[in-house]
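Here are the chains, one letter per residue:
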Amino acid sequence: LGLHRRPPHHQCIGRDMIRSLAAVVASLAGAEALMLSPSARRGAAPSFLQTRAACVRAVADAEKEDDRLGAGGRGGHAVRNQPELSDEEREVQAAVMAHQRGAARLSQAEDARSLVAYSSGYAVLSTLSSAIDGYPSGALVGFASDARGLPVFCFSGMSSHTKDLQAAERAGATSGKAALCVTAKGFEGAADGRVTLIGDVRRCAKAEVEDEQLRELYRQKHPNAFWVDFGDFTFFRMHELKAVNFVGGFARAGSIGADDYMGAAVDPIQAFAAPVMGHMNDDHSSATVAMVQHYVGLPQVEKAELVQLDRLGFMVQVTRLGQTFKLRLPFPRAAEDRKDVKTLIVEMTQAAMRVGEAKEPAKEPEVADGHALRALHRSLACSRFVAAAPHRSRQSSRRRAASVPVMWARDRVAMGLLDVAASARVACINIGLQLAT
């Protein structure tokens, strides 16, 4: 969050358990040593409770040192040559981490199924090489996913992976062992999601291709795949899933059971997420910053962009203090359809902006700040009713008094226009989301 990364939550739990056990063991060992030592027999040794208290203090000091050093101080992902966290920054990071632990997310099985379904349709297939015995061979291939989320392929007879799978058949196996690594659409690096499907891939019979409409299924994902009608292209599919490895980004990874993966539903909201996120990022990035600051409680946010959207909320890529990371921002309730997504984002934006304007200190107003501008115009208009200075002529005072209603009317019109502009900010988000969806 600007300075340090903490280890995943399960690592923190494991470390706490180890420390607790260490404290107990140290206490018991200390007690036994005291009972066996000569000083204990003379009655000069500290009591068992004193020894245990010393061990507990040592553990507490170690935990305090961890907090001082940050996540990498004693294991985890170390961040070298960083300044110590201030008390205020530690409080901010603790609050943000507490929010993230409670933020609603899709299950890993749902996330993995949705990632595969909405991917680009291209992934890296690894097979056992028929050319170099004992070594894997990787190739970029096109695929479509069936009703269970398993990949269907259409391979050329000249491809190396086709030869690898055929070699397994010649060896007497009904299928070849393979792994397919699928990355999220727009994948750029380790912070983005990927899924690896490990299982058995076999050739599809012609009757299976026709009965299950595999050709049409593949064309839905790849409309320009004219080669599916070529005689030397053959359909293959992963018919048995052995394991699923899922990485949703930093500190979100795990293994998913084959049945859990195939039984999970594909998130419907992600089907139209791209235009909604594009509209928010292009036209309402300040609203996203306001939502992050309000709901997550993270100050000093320089930039915030939506990078993933689902029925339970969205992921935001945040830039703060020169560092970029992702945070989860959940919806107040699950979204059911396109209209619901628009309604929820508008509600969250309105709430964040109301709180932001209430907390904002008095300062030189900007054009977009309707409340501050109205206050300024009121003060300017009222100041014009002040009586003329004594040294000025009575005639100029009369002219000034006569001009007051005109200036007052002009200011009232200006304030009315500013009211419209302030209200239009949220209305623009509403209309833009309607067009985007």
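Residues numbered from 1 in each chain as written. Predicted model: local features only at pLDDT ≥ 70, side-chain atom pairs only at ≥ 80, totals over all residues. Heavy atoms only, no water.

K.L.:
Residue-level account of the overall build of the chain, with values.
P.N.:
When its secondary structure is counted, the chain shows 14 helices and 11 strands. Taking all 437 residues of the chain together, 38% fall into the buried category. Partitioning the contacts of the chain with sequence separation of at least 6, the portion at a separation of at least 24 is 64%. Accessible area for the chain stands at about 24400 Å²; split by element, carbon and sulfur atoms hold 56% of it. (Helix = DSSP H or I, 4+ residues; strand = E, 2+ residues; numbered from the N terminus. Buried < 20%, exposed > 50% of the residue type's maximum accessible area, 1.4 Å probe, protein only. Contact = heavy atoms within 4.5 Å. Areas by Shrake-Rupley, 256 points an atom, 1.4 Å probe, with all protein chains shown as cover.)

K.L.:
Tell me about the state of the cysteines, and name the residues and values.
P.N.:
Evaluated as defined, the whole model comprises zero disulfides. Looking at Cys154, it has no disulfide partner, and the nearest cysteine sulfur is the one in Cys204, 9.8 Å off. (Disulfide = S-S within 2.5 Å.)

K.L.:
Account for helix H5 (residues 108-117), with residues named and values stated.
P.N.:
For H5, the tally of buried residues reaches eight of 10 residues, placing the bulk of the element in the interior. Listed in full, the buried residues belonging to H5 are Ala109, Glu110, Asp111, Ala112, Arg113, Ser114, Leu115 and Val116.

K.L.:
Go over the pairing of strand E5 (residues 176-183), please, and point to the residues and values.
P.N.:
Here strand E1 (residues 122-128) runs beside E5; their pairing, made up of four bridges, is antiparallel. Directly across from Val124, in E5, lies its bridge partner Cys181. In terms of strand pairing, E5 meets strand E6 (residues 194-203) through eight bridges, oriented antiparallel. Residue pairing for E6: Gly176 is matched across the bridge by Val201. (Pairing = 2+ DSSP bridges.)

K.L.:
Go over the pattern of salt bridges, please, and point to the residues and values.
P.N.:
For the structure on display, the rule yields 18 salt bridges. Glu212 is the partner of Arg237 in a salt bridge, and the nearest nitrogen-oxygen pair spans 2.8 Å. Remark: Glu212 occurs in the loop between helix H7 (206-211) and helix H8 (214-221) and Arg237 occurs in strand E7 (residues 233-249); sequence separation between them is 25 residues. In this structure Arg237 comes out as buried when scored by relative accessible area, which is 6%. We classify Glu212 as partly exposed; its relative accessible area is 45%. Taking the shortest distance from any N to any O, the salt bridge between Arg333 and Asp340 comes out at 2.8 Å. On the basis of relative accessible area, Asp340 is assigned to the buried category, the value being 11%. Taken together, the shared-partner salt bridges in this structure form one network comprising Asp146, Arg202, Glu208, Glu212 and Arg237. (Salt bridge = Lys/Arg side-chain N within 4 Å of Asp/Glu carboxyl O.)

K.L.:
Can you break down unusual backbone geometry residue by residue, with the values?
P.N.:
With phi around 50°, Gln213 is a residue other than glycine that occupies positive phi space. Looking at where Gln213 falls in the secondary structure, it is placed in the loop between H7 and H8.

K.L.:
I'd like to hear about the sheet that holds strand E11 (residues 323-330), residue by residue, with values.
P.N.:
Taken together, the three strands give an open sheet; going across it, the order is E9-E10-E11, and neighbouring strands pair in antiparallel fashion. At either end of the open sheet lies a strand with only one pairing partner, and these are strand E9 (301-310) and E11. Here the average twist between neighbouring strands, direction ignored, is 25°. Here strand E10 (residues 313-320) pairs with E11 via eight bridges, running antiparallel. When the sheet's bridge partners are listed, Gln317 is paired in E11 with Lys326. Sheet contacts for helix H11 (residues 285-296): E9, E10 and E11; angle to E9, the most-contacted strand, approximately 90°. (Axes fitted to C-alpha atoms, helices over the stretch in contact; angles between N-to-C directions.)

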